[in-house]
Amino acid sequence: MSKLVTIFGGSGFVGRYVASRMAQDGWRVRVACRSPETAGFVRTYGDVGQVEPVMCNIRNDDSVRSVTRGTDAVVNCVGTFDRKGKNNFGAVQDEGATRIARIAAEEGTSHLVHISAIGADVDGASLYAQSKGRGEAGVQEYFPNPVILRPSVVFGPEDQFFNRFAGMTKLGPVLPVVGADTRFQPVYVDDVAQAAALGAQGKAAPGIYELGGPDVQTFRELMQTMLDVIRRRRLVMNIPFPLAYLLGVLMETGQTLTLGLVSAQITRDQVKSLKSDNVVPDGARGLRDLGIEPTAMAAVLPDYLWRFRPSGQYAAIKESAKGAEGKMSTER
């Protein structure tokens, strides 16, 4: 019988790519998520019955144990940007991660992969970084020799980074950002998934891997790259940190007063995070140490951001037609 992997958060952005990778490699895949009724699409990643979504609440021991029992490997892809509520930083990225590692060890799981984030640090400047750091510490305390992956901002067709800002370009001539000079090293989602699959299959040495792509750019430069891809001209305007922090206070208050009906577009904790570069440190192990050649943004962004172009799917055709007209005029 083929081996079994449980992927916590397997229907999310990164998790679905890990599930697809593991299914392609012949594993049975158990996708543990809060709403399996909305995760039916993962079944198509493998043969009939090979990939199954199941309900799990990582805040509950019995729930985690029920989906971990009998597994050969566990991959934890669960993360959150919510500071409040039941599924907050601490509950998900600290306690949840620790619970998964502890129960996986108790159930005799052979391999565990934990997806964290660059900048994870128990003494970090933001609550997000601190919770990620505590989660890593819990994983290392309870599970022997885990593989911990720390990606920079992850990009791909379903991302909430480039898609979000590309959508904002439709609102006006100005594109506001916080931390325009902060550097990032975006990493392609399937590269992260490949690294996770190697760890789950015991093909990666235990330890921490910092994952970044081949391109290092400031926030402003990333936005310009995106604008070039979608053929739009916008003024990328930096919002100073003090003003951004005030906006975070106001937006969080609005979210609280509306009982979450209006989501905060920026929070105080995100502002704190944006003050620090999000790049792979010198000397850290990364994708190439796993035998993975990092994918450049230029190879992927046009494949899914084309829909934000003024002419959408017809942009390339129009550009080709204009080029042909220009050539004919020159020849005349």
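The structure presented is a predicted model; accordingly, all values stated were derived computationally and were not measured.

## Considering the pattern of salt bridges
Part 1: Using the criterion set out here, one finds 15 salt bridges in the structure.
Part 2: The residue Arg-102 makes a salt bridge to Asp-61 at a minimum N-O spacing of 2.9 Å. Within this pair, whereas Arg-102 is found in helix 3 (residues 89–106), its partner Asp-61 is found in helix 2 (residues 61–68), the two being separated by 41 residues in sequence.
Part 3: Here Asp-277 and Arg-183 are joined by a salt bridge, their closest N and O atoms 3.2 Å apart. Of this pair, Asp-277 sits in the loop between helix 9 (268–273) and helix 10 (301–305) while Arg-183 sits in strand 9 (residues 183–184); the two residues are 94 residues apart in sequence, bridging distant segments of the chain.
Part 4: Residue classification places Asp-277 among the partly exposed residues on the basis of a relative accessible area of 40%.

## Section: the sheet that holds strand 2 (residues 28–33)
Part 1: Strands sit in the order 3-2-1-4-5-6-11 across an open sheet of 7 strands; the sheet is parallel. With one partner strand each, in any of the chains shown, strand 3 (51–55) and strand 11 (207–211) form the two edges of the open sheet. Ignoring which end each strand starts from, the neighbouring axes of this sheet average 20 degrees apart.
Part 2: Running over the sheet, helix 1 (residues 13–24) touches strand 1 (4–8), strand 2, strand 3, strand 4 (73–76) and strand 5 (111–115) and is turned about 170 degrees from strand 1.
Part 3: Here helix 2 sits on the sheet in contact with strand 1, strand 2, strand 3 and strand 4, set at roughly 145 degrees to strand 1.

## A closer look at helix 3
Part 1: Counted at 1.5 Å a residue, the expected span for helix 3 with its 18 residues is 26 Å, and the 24 Å between its end C-alpha atoms agrees.
Part 2: Counting buried positions over the 18 residues of helix 3 gives 14, a clear majority of the element.
Part 3: Of the residues that open helix 3, the one with a side-chain oxygen 3.1 Å from the backbone nitrogen of Gly-90 is Asn-88.
Part 4: Downstream of helix 3 by one or two residues, Gly-108 has phi in the positive range, about 80 degrees.

What counts, and where the lines are drawn
- Residues numbered from 1 in each chain as written.
- Predicted model: local features only at pLDDT ≥ 70, side-chain atom pairs only at ≥ 80, totals over all residues.
- Heavy atoms only, no water.
- Salt bridge = Lys/Arg side-chain N within 4 Å of Asp/Glu carboxyl O.
- Helix = DSSP H or I, 4+ residues; strand = E, 2+ residues; numbered from the N terminus.
- Buried < 20%, exposed > 50% of the residue type's maximum accessible area, 1.4 Å probe, protein only.
- Pairing = 2+ DSSP bridges.
- Axes fitted to C-alpha atoms, helices over the stretch in contact; angles between N-to-C directions.
- Contact = heavy atoms within 4.5 Å.
- Expected span 1.5 Å × (residues − 1).
- Polar contact = N/O pair within 3.5 Å; in protein donor to acceptor, adjacent residues only side chain to side chain.

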